[in-house]
Amino acid sequence: MPVGALHSSDQALDQQSGWVKTLSVRSAYRRRGVGAALLRRAFARYAEKGRRSVGLGVDLTNPTAPLSLYRSVGLRETRWTDMYERAVPAAGV
């Protein structure tokens, strides 16, 4: 049974950058190096493909507090974005 998964995306390909779309680690395996290992593997694959940088988005309200993990593998904050959303009722509901 997998204990973690990383989903990559080509959304930043035009900038010659890798993009981590999602990173998940089962709660029982968090803080054991699984997330860092997945990220380092992704970084290596991006480098093999000639990508010059890597990015990902972070929800700062995430209760797993991922910032320490991201910083531990060399990621640094480059910009902050405020996101807004509004629920709209589906037609016929």
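Everything discussed here concerns the structure shown above.
The structure contained in this document is the topic of the report that follows.

The next subject is unusual backbone geometry. Residues other than glycine seldom take positive phi values, yet Q16 does so here, at roughly 55 degrees. Look at Q16 and you get partly exposed, because its relative accessible area is 36%. Backbone geometry places A65, a non-glycine residue, at a positive phi of 50 degrees. Examined against the element boundaries, A65 turns out to sit in the loop between β3 (53-56) and α2 (67-72).

What follows concerns the nonpolar core. Counting ten residues, the largest nonpolar core consists of V20, A36, L39, A42, F43, Y46, L56, Y70, V73 and L75. With five residues, the single largest contributor to this core is helix α1 (residues 34-48). Each residue touching V20, except ones within four places of it in the same chain, is listed here: L6, H7, L39, Y46, V54, G55 and L56.

Glancing now at the side chain of R51. Looking at the element boundaries, R51 is found in the loop between α1 and β3. With near-sequence residues (within four places) excluded, R51 lies in contact with D10, L13, Q16, S17, G18 and Y46.

Quick look at the side chain of S9 now. With respect to the helices, strands and loops of the structure, S9 is situated in strand β1 (residues 4-9). Look at S9 and you get buried, because its relative accessible area is 16%. Look past the residues within four positions of S9 in its chain and what remains in contact with it is W19 and K21.

Inspection of the secondary structure assignment puts L6 in strand β1. Assessed through its relative accessible area of 24%, L6 is described here as partly exposed. With 33 residues separating them in the primary sequence, L6 and L39 have C-alpha atoms 7.6 Å apart.

What counts and what doesn't
- Residues numbered from 1 in each chain as written.
- Predicted model: local features only at pLDDT ≥ 70, side-chain atom pairs only at ≥ 80, totals over all residues.
- Heavy atoms only, no water.
- Buried < 20%, exposed > 50% of the residue type's maximum accessible area, 1.4 Å probe, protein only.
- Helix = DSSP H or I, 4+ residues; strand = E, 2+ residues; numbered from the N terminus.
- Core = buried A, V, L, I, M, F, W, Y, C linked by side-chain atoms within 4.5 Å.
- Contact = heavy atoms within 4.5 Å.

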